[in-house]
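Below, each chain spelled out in residue letters.
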Amino acid sequence: MDNNQGYLGVTPPISTGESSEREKEVTVTLMEELRRQNTIESEEEARTREIVLGRLAALVKSFVKTVSLARGLSEAAADAAGGKIFTFGSYRLGVHGPGSDIDTLCVVPKHVSREDFFDVFEGMLRNTEGVTEVSGVPDAYVPIIKLKISGIPIDFLMARLALSSIPDDLTLQDDNLLRNLDDRCIRSLGGSRVTDQILRLVPNVNVFRDALRCIKLWASRRAIYSNVNGFLGGVAWAMLVARICQLYPSAVAGAIVSRFFIIMYQWAWPQPVLLKQIEDGPLQVRVWNPRLYPGDRAHRMPIITPAYPAMCATHNVTASTQMVMTEEFKKGADIVDKVIVGTADWSELFSKHDFFHKYRYYLQIIASTGEHDLQIKWAGTVESRLRQLVMKLELVDSLTLAHPFIKGFEQVAYCVSDEEVRLVAQGETTEIITKRKAEDIEGIEGARPVYSTTFYVGLGIEAKQPGSTGPRRLDISWPTTEFTKMVKSWDKFDEVKMGIIVRHIKSSALPDNVFDPGERQPKPVAKKRPKQAKPAEKTNNVSPDLPATKKPRYASHRTFVATWSCFDATSKGHLII
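As the structure is a prediction and not an experimental result, all values here were calculated from the model.

Draft legend 1. The pairing of strand S4 (residues 144-149), seen in detail. Relative to S4, strand S3 (residues 131-137) is paired through 5 bridges, and the arrangement is antiparallel. By the bridge assignment, Gly136 is partnered in S4 with Ile145. Turn length for the S3-S4 hairpin, with the two strands adjacent in sequence and antiparallel, is 6 residues. As judged from the 5 bridges shared by S4 and strand S5 (residues 152-160), these two strands associate in the antiparallel manner. Across the sheet, the residue bridging to Leu147 is Ile154, located in S5. In textbook terms, the turn of a hairpin is the stretch between consecutive antiparallel strands, and for S4 and S5 this stretch comprises 2 residues, one of which, Ser150, has a positive phi near 55 degrees.

Below, the structure written as structure tokens:
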């Protein structure tokens, strides 16, 4: 899909020359390392995926026929109504790994409704042999059914086109297919249309795939692979790699990876990354345009999708996450330079992040409930708003960085008293609680599980000014209080069933579950302090960072009910640094 000037992309290539012999050599060693890192699935799993997709395709046709007959269509017309699946995301790009899910789109004709998808099709899935863990989320921003079939995770979207039938040879490239569709259908189609466009816009698909496998693994290991937390998601990483492929159309994968880090470290953001010129289309919908929309001008690292309507895939990036990614681009460039000259191995590029060793202070955000399914929704809601907390923290004097970690840490504690429930909801636990199993609380009156998900934000603090003496106080009460108000404003929030706590902790107080076995350094032996006249009693709601005589005030409430008791608090006061 060259433009009229004979090249792919919005500018001419930087170089059309072939890679050097050394770059070809390091490409061979890169692929060997990627295989060692278990990023490529086995032939057996690949065959299983093909069988699974074949079963799903047949099931979609059966679903459309069932609904068509129910709508009064004849047998022949119901057979002709069709129905088709499209894959997108990492599977369609060809860079999925062992155990990864398959993003799948179900396209149906106009007489099949979204309600049919969740009522009829979800029911058919539940009754299909080998299908497990079926979970429909019809109210999601992009409505979805999650399931596993033969052990393969599937994320299933649905789009209804304004067509009376869906032929087997249908493609989604034509923008006119978007006419007369609701926003949810347009969003559902977007993933497949963007993925297909990316593959059309790279000069060598195999080189692109090999380089993208490398970058995806690197971003995951360095903990910068997460759209929801303000970093980049899979589509954005794919577009960045595709752009480098356009700039070096004859290069091998090792050379693409090298140029990727050099160019991304020096990229003049907010200049957007584009794979093609932004185009108008047949719909009255918003297309990314920073000249027209102030919100688009605010995007810090705009990476623009190539399918109509063009959108920014990186609107969640904040000042802090941009700083973190820029630092990682520089580190990556330095390592790959050494790989090219032979003084480093590719394995060094994929070394684990140092997030939980990097900062002296962290914010700990704990979302908790007493029910498994409710916890999934509540934790997802809290996580989706963490970016707002980060942006508020960025406004605090003396804070240079608010670095969110890319995932939460889930735990289930089996509690036998209200006091244990409160402790767990605050992130405090005991060895007895940790070791207790579900069967240990059976038959105990008032005993119940507590499900918690803990998120972390690393706090980068400005160095002391020369000549300054004594401790400093860092006031983070406004960001934490506002964040707590925000998550509680969720329309499904129930203070009787849901808990939220935000508190600051020192690195030495991080729990063991954030470290791999053997990763944590032994805790230093505490120095003995002079005896105080009257030690303060330990209270469950005092941050371990604050002196016992300087107890912070909390906006807190306690609820005691038959099924769930939670302590809900927001850390206030000042962080002593």
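Draft legend 2. Representation of empty space enclosed by the protein. In the structure shown here, the tally under the stated rule is 3 cavities of 30 Å³ or more. Of the pockets and cavities examined, the largest cavity occupies roughly 70 Å³. Together, Leu178, Ile186, Leu189, Gly190, Arg193, Val194, Thr305, Ala307, Tyr308, Pro309 and Met311 line the largest cavity. In terms of residue class, the lining of the largest cavity is made up of 8 nonpolar, 2 polar and 1 charged.

Draft legend 3. How the structure looks around helix H5 (residues 114-126). Given a rise of 1.5 Å per residue, 13 residues ought to cover 18 Å, and the 17 Å separating the end C-alpha atoms of H5 matches this to within 8%. What H5 keeps buried is the set Arg114, Asp116, Phe117, Phe118, Phe121, Glu122, Met124 and Leu125. On its buried face, H5 is in contact with helix H2 (43-70), strand S2 (102-108), S3, S4, S5 and helix H6 (183-200). Its side-chain oxygen 3.4 Å from the backbone nitrogen of Glu115, Ser113 forms the N-cap of H5.

Draft legend 4. Structural context of the pattern of salt bridges. One pass over the structure, following the stated rule, counts 32 salt bridges. With a closest N to O distance of 3.2 Å, Glu25 and Arg22 form a salt bridge. With Glu25 and Arg22 both in helix H1 (residues 21-36) and 3 residues apart, the pair spans about one turn of that helix. We classify Glu25 as partly exposed; its relative accessible area is 44%. Classification of Arg22 as partly exposed rests on a relative accessible area of 33%. Residue Glu122 pairs with Arg126 through a salt bridge whose shortest N-O separation is 2.7 Å. Of this pair, Glu122 and Arg126 both sit in helix H5, separated by 4 residues, roughly a single helical turn. Among the residues examined, Glu122 registers a relative accessible area of 11% and is labelled buried. Overall, Arg126 belongs to the partly exposed group, its relative accessible area being 47%.

Draft legend 5. The arrangement of the sheet that holds strand S1 (residues 84-88) in detail. Taken in spatial order, the 5 strands line up as S1-S2-S5-S4-S3 in an open sheet, and their pairing is mixed. Each having just a single partner strand, S1 and S3 make up the two edges of the open sheet. When the angles between neighbouring strand axes are averaged without regard to direction, this sheet yields 25 degrees. Inspection of the sheet shows S1 paired to S2 by 5 bridges, in the antiparallel sense. In the strand pairing of S2, Phe86 is matched with Leu105. Most of the contacts of H2 go to S5, to which it runs at about 35 degrees, and overall it touches S1, S2, S4 and S5. On top of the sheet, H6 reaches S1, S2 and S5; it is set at about 120 degrees to S5, its chief contact.

Reading guide: rules and limits
- Residues numbered from 1 in each chain as written.
- Predicted model: local features only at pLDDT ≥ 70, side-chain atom pairs only at ≥ 80, totals over all residues.
- Heavy atoms only, no water.
- Pairing = 2+ DSSP bridges.
- Helix = DSSP H or I, 4+ residues; strand = E, 2+ residues; numbered from the N terminus.
- 1 Å grid on protein atoms, 1.4 Å probe; cavity = no way out; pocket = protein on both sides within 12 Å on 5 of 7 lines; lining within 4 Å.
- Points joined across faces, edges and corners; volume = space filled by probe spheres on them.
- Nonpolar A, V, L, I, M, F, W, Y, C, P; charged D, E, K, R; others polar.
- Expected span 1.5 Å × (residues − 1).
- Buried < 20%, exposed > 50% of the residue type's maximum accessible area, 1.4 Å probe, protein only.
- Contact = heavy atoms within 4.5 Å.
- Polar contact = N/O pair within 3.5 Å; in protein donor to acceptor, adjacent residues only side chain to side chain.
- Salt bridge = Lys/Arg side-chain N within 4 Å of Asp/Glu carboxyl O.
- Axes fitted to C-alpha atoms, helices over the stretch in contact; angles between N-to-C directions.

Everything listed here is a matter of coordinates, which is why it stays silent on function.
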